[in-house]
Amino acid sequence: MGEELKEYRGQIDRIDDDLLRLLNQRAALARKIGHVKGESTVLRPEREAQILQRMVRNNPGPLPDQSITQLFVEIMSHCRALETQLCVAYLGPSGTFSQEAVEKRFGHAVLGKPCNSIDDVFHTVESGKANYGVVPVENSTEGAIGRTLDLLLQSHLKVCGEVMLPVHQCLISRAAGLSAIKRVFSHAQSLGQCQSWLNTHLPAAERIAAGSNTQAILLSLEKHADSAAIAGVMAAANYDVPVLAENIEDDPRNTTRFLVIGDQEVAPSGKDKTSLVMSAPNRSGAVYDLLAPLARHDVSMTRLESRPARSGIWEYVFFLDIEGHQLEPKVALALDELRQAAAFVKTLGSYPVTT
Ligand SMILES: C=C(O[C@@H]1C=C(C(=O)O)C=C[C@H]1O)C(=O)O
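Residues numbered from 1 in each chain as written. Predicted model: local features only at pLDDT ≥ 70, side-chain atom pairs only at ≥ 80, totals over all residues. Heavy atoms only, no water.

(A) Up close: the packing of aromatic side chains. With the rule as written, the count across this model stands at 1 aromatic pair. Measuring from centroid to centroid gives 5.8 Å for Phe106 and Tyr132, while their planes differ by 35°, and the two rings are tilted. Pair noted here: Phe106 is in helix 4 (residues 97–106) and Tyr132 is in strand 3 (residues 132–139), with a separation of 26 residues, a long-range link. Here Arg105 stacks its cationic end above the ring of Phe106, 5.0 Å away from the centre of that ring. (Phe/Tyr/Trp six-rings, centres within 6.5 Å; stacked < 30°, edge-to-face > 60°. Helix = DSSP H or I, 4+ residues; strand = E, 2+ residues; numbered from the N terminus. Lys NZ or Arg CZ within 6 Å of the ring centre and 35° of its normal.)

This is the structure:
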């Protein structure tokens, strides 16, 4: 037993020496690429997506694909940081799911900049105080985040990527137990994701919406004997508040999709999506006319969301996600025809698909 352990540990040490050498070789190359790229943009989402796809495709195991992805996200994060440290704005404070989304996409070698609101994330990136921003755009239980859609319509920023984050909620409190809890604080989205659980386990508790789940924790701690908050485990750990119930979201597949926004048009990766927003003229069959070019050119639509246009009552704009990059011929043709049929079309960006 002792000898066998020693032998395996010796093998691991030799592999770690190789990994150390290879990681530094990789980092040195990334730095050289940084010099070749010069002033141009450091982050190349299409290249990073291709690397991740290739590593997952070639992964022989036993490490699961998800672990390989996480490891390579971190490796690229640290290599990129040798070129330049990126600043990424997100809906704060720290401990929110938005921060988790930043880490999932950019790794840990970036500077996270917590902002007070989704508006603030857009302003921070628009004014150049951060290179990118990460904003929630839809949740699988609660639907679209309207404010993000409205701001995408107004902003000159482009969508440069998406992040899918499984969201698990916890009830956290310093109260003695569930029966002591009279009020539950959380962000309206999180309260919405846990409605059935709350109806069953805390039917009499008042539900109070807070600016963020982290703010909800702080509010709940002011009256800790009879208050609770709904938040993620990361936030609970940050504030050292006991978790009374885990995975209280009504749908265990509960996932929030975030968008990466920035002042950059992303090149094709081979597996991309394009987001756009458009409005239809106010006549019968207009929406059908908008969708026909997509069908004609065999472009699949993965999402269609309507939003009040704010230009007149009962007028709408439509947010679409379609498969493919806007530079791919069939997508470009469909978009050209769409521009002729629609009263207004704005391409929000093409970016690599993630799962
Ligand atoms: C090294 C580069 O810069 C960045 C770092 C990458 C990496 O570590 O592999 C990949 C793409 C870029 O985001 C590059 O452009 O190839």
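(B) Looking closely at helix 4. Here helix 4 lies mainly inside the structure; 7 of its 10 residues are buried. Turning to helix 4, its buried residues number three or more, namely Phe97, Ser98, Gln99, Ala101, Val102, Arg105 and Phe106. Just downstream of helix 4, Gly107 is the residue with a positive phi angle, here 75°. (Buried < 20%, exposed > 50% of the residue type's maximum accessible area, 1.4 Å probe, protein only.)

(C) Structural context of the domain arrangement of the protein chain. Segmentation of the protein chain into domains returns domain 1 (21–81), domain 2 (87–167 + 255–262), domain 3 (170–245) and domain 4 (272–352). With centres defined by C-alpha atoms, the gap from domain 2 to domain 3 works out at 24 Å. Tallying the contact residues gives 17 residues for domain 2 and 11 residues for domain 3. Among the residues of domain 2 in contact with domain 3, Gly95, Phe97 and Glu142 are the three that bury the most area, contributing 41% of the side total. (Domains from an automatic or database assignment. Contact = heavy atoms within 4.5 Å. Buried area = accessible area lost by both parts, 1.4 Å probe.)

(D) How the structure looks around the side chain of Asp226. Tracing the backbone through its elements, the reader meets Asp226 in the loop between helix 9 (213–222) and strand 9 (227–231). Residues contacting Asp226, with those up to four places away along its chain left out, are Ala180, Ile181, Lys182 and Arg183.

(E) Focus on a nonpolar patch on the surface. Residues Ile15, Leu19 and Leu23 make up a contiguous nonpolar surface patch of roughly 260 Å² in combined accessible area. Within the element layout of this structure, Leu19 appears in helix 1 (residues 2–37). Classification of Leu19 as partly exposed rests on a relative accessible area of 44%. (Patch = residues over 30% accessible without salt bridge, like charges linked within 9 Å, V, L, I, M, F, W, Y side chains within 5 Å. Areas by Shrake-Rupley, 256 points an atom, 1.4 Å probe, with all protein chains shown as cover. Salt bridge = Lys/Arg side-chain N within 4 Å of Asp/Glu carboxyl O.)

(F) Local environment of the site of the ligand. Taken together, 14 residues lie near the ligand, and Arg26, Lys37, Arg44, Glu48 and Glu83 sit nearest. Contact between the ligand and Arg44: an oxygen atom at 2.9 Å from a main-chain N or O atom of the residue. At 2.6 Å from an oxygen atom of the ligand is found a side-chain nitrogen or oxygen belonging to Glu48. Breaking the shell around the ligand down by element, the ones donating at least two residues are helix 1, helix 2 (45–57) and helix 3 (65–83). For the shell around the ligand, the class distribution of residues is 7 nonpolar, no polar and 7 charged. (Near = heavy atom within 4 Å. Polar contact = N/O pair within 3.5 Å; in protein donor to acceptor, adjacent residues only side chain to side chain. Nonpolar A, V, L, I, M, F, W, Y, C, P; charged D, E, K, R; others polar.)

(G) View of the packing of helix 2 against helix 3. It is at 10 Å that the axes of helix 2 and helix 3 come closest, and there the two elements cross at 145°. Helix-helix and strand crossings are classified by hand; for helix 2 and helix 3 the assignment is right-handed. Here Glu48, Ile51, Leu52, Met55 and Val56 of helix 2 come into contact with helix 3, specifically with Asp65, Ile68, Thr69, Phe72, Val73, Met76 and Arg80. (Axes fitted to C-alpha atoms, helices over the stretch in contact; angles between N-to-C directions. Left-handed = near helix turned anticlockwise from the far one by under 90°.)

(H) Spatial organisation of helix 2. Counted at 1.5 Å a residue, the expected span for helix 2 with its 13 residues is 18 Å, and the 18 Å between its end C-alpha atoms agrees. Taken together, the buried positions of helix 2 are occupied by Pro45, Glu46, Glu48, Ala49, Ile51, Leu52 and Met55. Next to the buried residues of helix 2 lie helix 1, helix 3, helix 4, strand 5 (158–166) and strand 15 (344–352). (Expected span 1.5 Å × (residues − 1).)

(I) Just empty space enclosed by the protein, in detail. Inspection of every chain in the model, using the stated rule, returns 1 cavity of 30 Å³ or more. Considering only enclosed or pocket space, the largest cavity measures out at about 60 Å³ in volume. Lining of the largest cavity is provided by Val137, Leu149, Leu152, Arg257, Leu259, Ser275, Leu276, Arg303, Phe319, Leu320, Asp321 and Leu348. Breaking the lining of the largest cavity down by element, the ones donating at least two residues are helix 6 (146–154), strand 11 (255–262), strand 12 (272–279) and strand 14 (316–323). Here the element with the most residues in the lining of the largest cavity is strand 14; it accounts for 3 residues. Taken together, the residues that form the lining of the largest cavity break down as 8 nonpolar, 1 polar and 3 charged. Both domain 2 (87–167 + 255–262) and domain 4 (272–352) contribute no fewer than three residues apiece to the lining of the largest cavity. (1 Å grid on protein atoms, 1.4 Å probe; cavity = no way out; pocket = protein on both sides within 12 Å on 5 of 7 lines; lining within 4 Å. Points joined across faces, edges and corners; volume = space filled by probe spheres on them.)

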